[in-house]
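Structural features, examined
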Amino acid sequence: MSANTGSELKIVGFLCNWCSYGGADTAGVGRFQQPTDLRIIRVPCSGRIDPLFVLKSLFNGADGVLVSGCHPRDCHYAEGNFYARRRLEVLKRFLPILGIDERRFEYTWVSASEGQKWKTVVQTFTERIHELGPAPKLDQCLMERAQAMAMAV
Amino acid sequence: MSNLDTLKAKIKERLPDLDMVVGWEQGFDPLRATPLFMRTEEDVDRLIWNPLCVHNLATYLPGLKGRKVGVVVKGCDSRSIIELLQEKLINRDDIVVFSMPCEGVVSVRKIQNRIGSLDYVESVEADTGTVKVTVDGSSQSFGFPDVAASKCGRCQYHTALLSDEFVGEPNNEKAEDDYSDVTSFEARPQEERLAFWMTEMQRCIQCYACRNACPLCVCRDHCVAQSRDPHWMTQENSTQNKWFFQVIHAMHLAGRCTECGECERACPVGIPLLLLKRKLNKEIEELFDYKAGTLIDSTPPLQAFKVEEDNINERGW
Amino acid sequence: MKIGVFVCHCGSNIAGTVNVGSVAEEALKLPSVAFASDTMYACSEPGQDAIIEAIKEHRLDGVVVASCSPRMHEPTFRKTVERAGLNRYMFEMANIREHVSWIGKDKDANTRKAVDLVAMAVAKLTQDRELTPKTFDINKRVLVIGGGVAGIQAALDCADGGLEVVLVEKTSSIGGKMSKLDKTFPTVDCSSCILGPKMVDVAQHPNITLYASSEVADVKGYVGNFNVSINRKATYVDWAACTGCGLCMEKCPSKKSRDVFNEEIGTTTAINIPFPQAIPKKASIDPEFCLKLTKGKCGVCEKVCPTNAIRFEQKQETAEEAVGAIITATGYDLFDYTRYEEYGGGRYADVITSLQYERLLSASGPTGGHIKRPSDGKEPKDVVFIQCVGSRDKSVDRPYCSGFCCMYTAKQAILTKDHLPESQSYVFYMDIRAPGKLYDEFTRRAMEEYGTKYIRGRVAMVYPKGDKYIVRGADTLMGAQVEVEADLVVLAVGAEAAKGAPQLAEKLRISYDAYGFYMESHPKLRPVETNTAGVFLAGSCQGPKDIPTSVGQGSAAAAKVLALFSKDQLESDPQVSVVDIKRCVGCGKCIQTCPFGAIEEMDFRGMPKANVIETICQGCGICTSTCPQGAIQLQHFTDNQILAEVNAICQQTPAQNLK
């Protein structure tokens, strides 16, 4: 469990209340041990997740963002995750042009009963973020490097 | 009678039923056109149609909603009108669209890059072959493709997709658009891409000309950039904050942007803003086989879904 | 704003792996936090009292409790803060048990995470606004869809409770699958004798309006105020005039009509009353077989009808009903027995379904209750029952157990012996599922008293040999191939979702599973509720059920409706979307994406604007992430509230940003 050693990275989770948040609860009730990096924000539905929340997190210094909702065709609100699927897929494909590693963002579907699956999702994603390391912070330091790079080109 | 004269005659014919017709007239110097709001027949006589007519006049339409307005458009501008109609931001009954086949417009920025100062432009002779500009006593000629707007090189819509009065022979040529600008940028190392935007966005002066020129930016007075409610942006003028505004703009336009390029053209410091929107359009076309502003009856893909998506694999572990 | 933070030990559940004391200490350093403490059990009575006391003593504007999942105790603490005089939405929870203490053992890391989660909850609370539910009147009428035993029970209980009931039944008579059964397990009492009186009660109850031969076409509205369109199919008989005398049936010359009630084991007349106990006892014409309607000549029924009730020109009509709640009891359909080609169902006349066999056993059935083979009318000697036909079989996409087949097969084996004492029954089974009161005893009786031979194993094939059939299968207990000679083969077909169930679900805006069975709100604790307020479930539409369970659910659903209607007004959840009229540009994107039709266009000084119908809005927030203007905001999950949480995690201070 590489993710648990060393200090945590900032991973933001956006979970729908009905499925994935319940799945994370189920994982807790089942005492499925997970890395501690993830901080979960509860939203009613994955359809509530504006892709800009993900971008805002990444711009503000999150090292990874994980979104999870009900499985397609199983949305508490019938259609929310269908909209989410399109928005999040577009977002994932948008990230490279910004110079943001698209692996820092992932979306998936976990139901309230899938505690074991949730553990796997958290573990896999956290390990991935630790392999990528801390995200470059959009600060003065980066600015200076960027300018040096621009001069060199 | 030239096409332009025919167009003027048509506009005069329709003008009595309209509050105004928006077109172009010669601006403050021979290189620059400027929007013209025609209310009388005398106004119509000032109308021009040439490669200097760079503005997308559809931008004015949402602000004039509720009034009877005519608008002169190039092929690419007509896509903005279709998108506006599709999103019910303007009423079809209230607008009359005038158009002629377009052979491309110049990029003033490209000319400026070649000449240097454009402060004293004395004369311009522009056609689709060459552009001859005389500045401060000295003349320079350029091949039209070298100083045409980038969007014209990949134009698929020389002829307006929607018009009530069309003058001239429709031109149905279609150039290939392989999004090579996007792919070549993405071929650069990730760190370089990030650095590129940081250095570009540092130059942003937050004038929001990009937003004001965008025909589909409809928040207007309630733009989060100024109202900061919802609190997407802070009051700092940090590069991060300025860049985030462009990301908001791009995401708001996902599946809606018709690539008229007004954001980029209007930017006084020349930040290549269209690249972000082109990237989104490339992905949206791949995912949903959709081009914004081509069909009035279709729905922007992010306001729709399919139970089984054709090109999105279910993600999961 | 003054916020109080309470960090719960939950005994050792949280305190064991989180330093709750330092979480409270860190919380106190947050801006806006005026009070913070740790507490042994926040949800206990002393725990809640301490919260109330702190609110009063420190004049708190809002409270954060860091404890278990909000899915567990959010309602509890909302009531607590309300008791202290705060608005119940000025409350947030940080889930430091399920999401922290139970999933990690590193106390330092857990404590850091708990501090972050508390900071997020505090940040959100600073953006919280007081929300007040609105009240609205309810229409105390109930629609019951489906007139099987579950629907009948629900309708009767609601009607006895004083509610006006609209009962809609697709076929021409109520009674459902139960009315086709001869006897019921495990008591072997006569099905129509126990169901019949209930059906009569429905017909005679002054509070029940029955629409037979009718289907729900459309449902609009929301809990308390649904508007339902009902399609009344053409029966070609004026039911107000028809007395059910049956003279038309005697004289009708088209005697080869499809006999749906008898599972097509025989034929009936084109004009018919499906069975003697039918409710309503009215004739209807099958237009596919009626000579007058197909060929234009005949009209015998018209001539003989003593009340002149025949209406060949009748058309489908639509009725509108306004109700406040809906009970769905649409039941199940049988698995298509021809799908197992190896059993020969549909090809061999004497391979029949269990429900067809039930009609052969029934005294009101086509054979008058004498067991006769469909092929030659002979009494069978060896009867083979094959279980799990369309149950527990992934290869036909029916992995679930239909639950009642084991029991009815045992019943049918017993009845076979009763009818034909010389007969011998064989049952091929996978496992015996008999987990009800007196159920296992009943299957034992079938084996021990009635000598039914149970063979554990699946049947490979059935093929004819002379005028008999060979049933070849495995006996997995003996580890051998077996072949049984049979005169009659009965397939214990499983249950599947009723045809049209998904379509109805979409009208009702309720969800259904992969097989078309309706989803209950919670598999254990809300078994007859759905996730759409005001729509309830009863019986097999939710999954295969036997009679006692269906009846129990019918009563349960009725109780839920009566409880709902015990108030004159309902409170709407204030966590709904609200439109900022100034920002709205009237583009209608929210109207387009709302799955519930909860947003309408309205005219505001000549400009189109979006308007949320609060009672329909379910609070998903799809509209909020659709609107680029941020003009429509889901209350309690606004952009600003979620952004506050994002910023609390990422915590990029201005100093870190470049100028």
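Residues numbered from 1 in each chain as written. Chains lettered and ligands numbered in written order. Predicted model: local features only at pLDDT ≥ 70, side-chain atom pairs only at ≥ 80, totals over all residues. Heavy atoms only, no water.

Taken together, the contact between chain B and chain A spans 47 residues of the former and 47 residues of the latter. Summing both sides of the interface, chain B and chain A together bury roughly 4700 Å²; the carbon and sulfur share of this comes to 69%. Linking chain B with chain A are 5 salt bridges. Arg-145 of chain A is the partner of Glu-191 of chain B in a salt bridge, and the nearest nitrogen-oxygen pair spans 2.8 Å. Secondary structure elements with two or more residues in the side of chain B that touches chain A: helix H7 (180–186), helix H8 (190–202), helix H11 (239–252) and helix H13 (274–288) of chain B. It is H8 of chain B that provides the largest number of residues to the side of chain B that touches chain A, a total of 10 residues. Looking at the side of chain B that touches chain A residue by residue, the classes come out as 26 nonpolar, 9 polar and 12 charged. (Contact = heavy atoms within 4.5 Å. Buried area = accessible area lost by both parts, 1.4 Å probe. Salt bridge = Lys/Arg side-chain N within 4 Å of Asp/Glu carboxyl O. Helix = DSSP H or I, 4+ residues; strand = E, 2+ residues; numbered from the N terminus. Nonpolar A, V, L, I, M, F, W, Y, C, P; charged D, E, K, R; others polar.)

Right, let's get into the state of the cysteines. One pass over the structure, following the stated rule, counts 2 disulfides over all chains. The partner cysteine of Cys-19 of chain A in its disulfide is Cys-70 of chain A, sulfur to sulfur 2.3 Å. Judged by the sign of its S-S torsion, about 95°, the cystine formed by Cys-19 of chain A and Cys-70 of chain A is right-handed. Of this pair, Cys-19 of chain A sits in the loop between strand S1 (11–16) and helix H1 (20–29) while Cys-70 of chain A sits in the loop between strand S3 (64–69) and helix H3 (80–98), and the two are 51 residues apart along the sequence. At a sulfur-sulfur separation of 2.3 Å, the disulfide partner of Cys-190 of chain C is Cys-193 of chain C. In this structure the cystine formed by Cys-190 of chain C and Cys-193 of chain C twists about its S-S bond by roughly 80°; its chirality is therefore right-handed. Not part of a disulfide, Cys-8 of chain C finds its nearest cysteine sulfur in Cys-10 of chain C, a span of 5.0 Å. Look at Cys-8 of chain C and you get buried, because its relative accessible area is 4%. Its sulfur unpaired, Cys-623 of chain C is 6.2 Å from the next cysteine sulfur, which belongs to Cys-617 of chain C. For Cys-623 of chain C, a relative accessible area of 7% puts it in the buried group. (Disulfide = S-S within 2.5 Å. Buried < 20%, exposed > 50% of the residue type's maximum accessible area, 1.4 Å probe, protein only.)

Moving on, we get to the domain arrangement of chain B. Residues and elements named next belong to chain B. Split by domain assignment, chain B resolves into domain 1 (1–104 + 156–176), domain 2 (106–148) and domain 3 (178–309). Spacing between the C-alpha centres of domain 1 and domain 2 amounts to 24 Å. Contact residues are listed per partner, giving 9 residues for domain 1 and 12 residues for domain 2. Contact between domain 1 and domain 2 buries roughly 910 Å² in total, counting both sides, with carbon and sulfur atoms accounting for 77%. When the area that domain 1 buries against domain 2 is broken down by residue, the three leading residues are Pro-30, Leu-31 and Pro-51, summing to 56%. On inspection of domain 1 and its partner domain 2, the count reaches 0 salt bridges. Counted by class, the side of domain 1 that touches domain 2 contains 5 nonpolar, 1 polar and 3 charged residues. (Domains from an automatic or database assignment.)

When a protein is soluble and globular, its nonpolar side chains tend to lie buried together. Of all hydrophobic cores here, the largest spans 121 residues; its most connected members are Phe-14, Leu-55 and Leu-98 of chain A, Trp-243 and Val-247 of chain B together with Val-5 of chain C. Apart from residues lying up to four places away in sequence, Leu-98 of chain A is in contact with Leu-55 and Phe-59 of chain A together with Arg-193, Leu-194, Trp-197, Trp-243, Val-247 and Leu-276 of chain B. Judged by nonpolar contacts, the second largest core, of 64 residues, contains Val-22, Ala-58, Val-73 and Phe-144 of chain B. (Core = buried A, V, L, I, M, F, W, Y, C linked by side-chain atoms within 4.5 Å.)

Our focus in this paragraph is the pattern of salt bridges. All names here are of chain B. Using the criterion set out here, one finds 77 salt bridges over all chains in the structure. Linking Glu-186 and Lys-279 is a salt bridge whose minimum nitrogen-to-oxygen distance equals 2.9 Å. Of this pair, Glu-186 sits in helix H7 while Lys-279 sits in helix H13, and the two are 93 residues apart along the sequence. For the pair shown, Glu-186 and Lys-279 are each scored as buried.

A separate point is the confidence of the model for chain C. All names here are of chain C. On average, residues of chain C carry a pLDDT of 95, and 99% of them reach 70 or more. When the criterion is pLDDT under 50, residues 652–659 qualifies, and its contacts beyond four places in sequence or with other chains add up to 20 contacts. Scoring of the predicted complex yields 0.77 for pTM and 0.95 for ipTM. (pLDDT = per-residue confidence, 0-100.)

Okay, the sheet that holds S1 of chain A next. Reading across the sheet, the 4 strands line up as S2-S1-S3-S4 (chain A) and stay open at both edges, with parallel pairing between neighbours. Unpaired on one side and paired on the other, strand S2 (38–43) and strand S4 (105–109) of chain A mark the two borders of the sheet. The average angle at which neighbouring strand axes cross in this sheet is 20°, direction not considered. Pairing geometry for S1 of chain A and S3 of chain A, over 5 bridges, is parallel. Of the residues in S3 of chain A, the one forming a bridge with Ile-11 of chain A is Gly-64 of chain A. Each of S1 and S2 of chain A touches helix H19 (residues 639–650) of chain C; the most contacted strand, S2 of chain A, lies at about 175° to it. (Pairing = 2+ DSSP bridges. Axes fitted to C-alpha atoms, helices over the stretch in contact; angles between N-to-C directions.)

Once the domains are mapped, chain C shows domain 1 (3–131), domain 2 (141–331 + 533–564), domain 3 (335–496) and domain 4 (577–635). Inter-centroid distance (C-alpha atoms) of domain 3 of chain C to domain 4 of chain C is 58 Å.

Further remarks concern the packing of helix H2 (residues 20–28) of chain C against helix H6 (residues 107–127) of chain C. Residue and element names in this part refer to chain C. Following both chains from N to C, one finds H2 and H6 inclined at 40°, their axes separated by 9 Å at the closest point. Overall, the two elements H2 and H6 adopt an arrangement that is oblique. Crossing hand, H2 versus H6: right-handed. Across the interface between the two elements, Ser-22, Val-23, Glu-26 and Ala-27 of H2 pack against Thr-111, Ala-114, Val-115 and Val-118 of H6. Of the residues in the contact of H2 with H6, the class split is 5 nonpolar, 2 polar and 1 charged. (Parallel < 35°, antiparallel > 145°, perpendicular 65-115°, else oblique. Left-handed = near helix turned anticlockwise from the far one by under 90°.)

Next up on the list: the interface of chain C and chain B. If you look at the interface, chain C gives 23 residues, while chain B gives 22 residues. Summed over both sides, the interface of chain C with chain B buries roughly 2000 Å², with 53% coming from carbon and sulfur. Between Lys-589 of chain C and Glu-87 of chain B there is a salt bridge whose closest N-O contact spans 2.8 Å. Connecting chain C to chain B are 8 residue pairs in polar contact (both at pLDDT 80 or more). Secondary structure elements with two or more residues in the side of chain C that touches chain B: helix H17 (589–593) and H19 of chain C. Tallied by class, the residues present in the side of chain C that touches chain B amount to 7 nonpolar, 10 polar and 6 charged. (Polar contact = N/O pair within 3.5 Å; in protein donor to acceptor, adjacent residues only side chain to side chain.)

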